[in-house]
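Residue-level structure breakdown
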Amino acid sequence: MQSAYIIVRYCLALRFVHLLRGCGQVLRVRDDDRDSPVARHDSVFRDTLAALLTRADLYERRAAATAQGFHGRVFRQAALPPKLGGVALACADAVCESAFLACTLACLVYLRAHGRLLRAPVDLSERCALPMFDALRLAHARLRTDSVASVQDLSHLLSGSTPPPQRVLSEGVWDKRQALVRAEQPDRRERTRVCSAAGQHAGAWLGAVPVSDRLRALPRLYQLALCMRLGVEISDLAELPRPALCVCGAAHDAFGWHPSVCRKGNRENAWTVRHDTVQWALIWVLRRLRGNVSAVGKRDMFGSAAMATVGRALHADIVAYHWRAPGRHLWVDVAVTTPDTAEALRAGSAEVSGTAARLRERKKHSKYGATVDRVGGCFRAGVMERFGAVGDAMQAMVRGACGDLDRDRGEEDWAFSAPSQVTYYMQHIVLAGVMADAAMVDAAIEADVYRRDLGAVRAG
Ligand SMILES: [Zn+2]
């Protein structure tokens, strides 16, 4: 499942973008009684995504899946870049003009430099009579209409010596589309989901290439995570004659929200298992970066400092010894939170990404801050939202430890989708958290829909 997604996103989709860069709006023209190549491309991609959103073990159903079975807003969100809440499953309709402009502008720089050899017209400004300039003017006009950001005049773009890359030209188009996707969500909880999915590093797991065990995801969990990110009904929950009931007595919603907010449903330590997955991913990352790091567990490491500040023993999750200086340790307490709690919604999690993570960070600081100060250490809250957005402290801690450098291409687990250290380490943490969340929802489905005993499933 993970490999299928990676191949579709990074190999298949890019072929058509190359074609767009060369041909541009010609590909928007209808082909007799058939749709245009752009429209056909996008419809095939929607069908492909529909297959990825269907349980991998239901072979026939998966093979027959088409976009018709899903709401259109799923695909409009899916088309967005991961940092805006999507899964970057190519939408030629959105990038047609920016791809063509970027490529043509880059070619013109070359044409100008070698004009005499290539027998180019002397006037390569906006007024040039070459038919290609008609296409350029058309593409520029459409980009202006489709983009919320201001697009420079064509004459400016043509006179610049460094042509803008496609990514820059298309930014305004994506921003506009993201605003539309947010506006079309049916309720506040779904807006929260889209907003959280666009949070800091929330899409990092989608770039994880399975080059090592730590970056490899189970098909079922990957599929569930894709559904939850895009607000697709989980078929196991949605297709029952009556909604499945949780042990708390409440009905499960069809989107996998309930297990994260239900305290009673926290069976077999479901929350703890999810929490510990993130904790161990973070410990692995910190060990790679700074040596001596361990889980605290039940050890009472604050002693009298905790008694003096909060009046009871405190246990942070992780200690990184001698982080700042000899004797000055870093303490981390990890949490996975959901953006749809009543408190997070009140604080604006449907409008501002990372709101739930910030709230939880604040709580962690008020719990541990004074005690850690007293022992001369430093404290960081390692918070992640269930769709993958990490809190500011987690991001600062990892970035601070690994720096802004690129990875060495000679590393065994180097992958093109994580050229920088920060992305590489974030992929480990975010993939672990998002998959652990999916595993938790899967376990709830097993227990409440299929009546399987969770303890027995875990024991193997
Ligand atoms: Zn419940």
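Calculation criteria
Residues numbered from 1 in each chain as written. Predicted model: local features only at pLDDT ≥ 70, side-chain atom pairs only at ≥ 80, totals over all residues. Helix = DSSP H or I, 4+ residues; strand = E, 2+ residues; numbered from the N terminus. Buried ≥ 20, exposed ≤ 12 C-beta atoms within 10 Å, placed from the backbone. Contact = placed C-beta atoms within 7 Å. Domains from an automatic or database assignment. Nonpolar A, V, L, I, M, F, W, Y, C, P; charged D, E, K, R; others polar. Pairing = 2+ DSSP bridges. Axes fitted to C-alpha atoms, helices over the stretch in contact; angles between N-to-C directions. Expected span 1.5 Å × (residues − 1). Bend = angle between axes of the 7 residues up to and from the residue.

Check the secondary structure of the protein and you find 19 helices and four strands. The dimensions of the protein, computed from C-alpha atoms along their principal axes, are 80 × 60 × 45 Å. Relative to its full complement of 460 residues, the protein shows a buried share of 43%. Within the protein, contacts between residues at least 6 apart in sequence are counted, and of these 67% link residues at least 24 apart.

Positive phi is not limited to glycine here, since Ala88 has a value of about 55 degrees. Within the secondary structure layout, Ala88 lies in the loop between α4 (72-79) and α5 (92-113). On the basis of neighbour counts, which here come to 20 C-beta atoms within 10 Å, the residue Ala88 falls in the buried class. For His201, which is not glycine, the phi dihedral falls at a positive 60 degrees.

Turning our eyes to something else, we now look at the domain arrangement of the protein. Assigned domains within the protein: domain 1 (1-184) and domain 2 (213-459). Each of domain 1 and domain 2 was reduced to a C-alpha centroid, and the two centroids are 35 Å apart. Facing the twelve residues of domain 1 at the interface are 14 residues of domain 2. Taken together, the elements giving at least two residues each to the side of domain 1 that touches domain 2 come down to α1 (2-23) and α4. Per element, the largest residue contribution to the side of domain 1 that touches domain 2 is three residues, and it comes from α4. Residue composition of the side of domain 1 that touches domain 2, grouped by class: nine nonpolar, two polar and one charged.

It is worth spelling out the sheet that holds strand β4 (residues 378-385) at this point. Ordered in space as β1-β2-β3-β4, the four strands form an open sheet in which the pairing is mixed. Edge positions in the sheet fall to β1 (293-295) and β4, since each has one partner strand and no second. Averaged over neighbouring strand pairs, the angle between their axes works out to 30 degrees when direction is ignored. Bridge count between strand β3 (residues 328-337) and β4: eight bridges; the pairing is parallel. Paired with Val334 across the strands is Gly382, a residue of β4.

Right, let's talk about the environment of His258 for a bit. Note that His258 resides in helix α12 (residues 258-261). Considered as a pair, His258 and Ala444 are 186 residues apart in the sequence and their alpha carbons are 9.3 Å apart.

Further remarks concern helix α8 (residues 166-183). Residues that lie three or four places apart on an α-helix share one face, since the helix turns once every 3.6 residues. Counted at 1.5 Å a residue, the expected span for α8 with its 18 residues is 26 Å, and the 26 Å between its end C-alpha atoms agrees. At Gly172, α8 shows its maximal kink, close to 35 degrees. If you check which residues of α8 are buried, you get Gln166, Leu169, Ser170, Val173, Trp174, Arg177, Gln178 and Val181.

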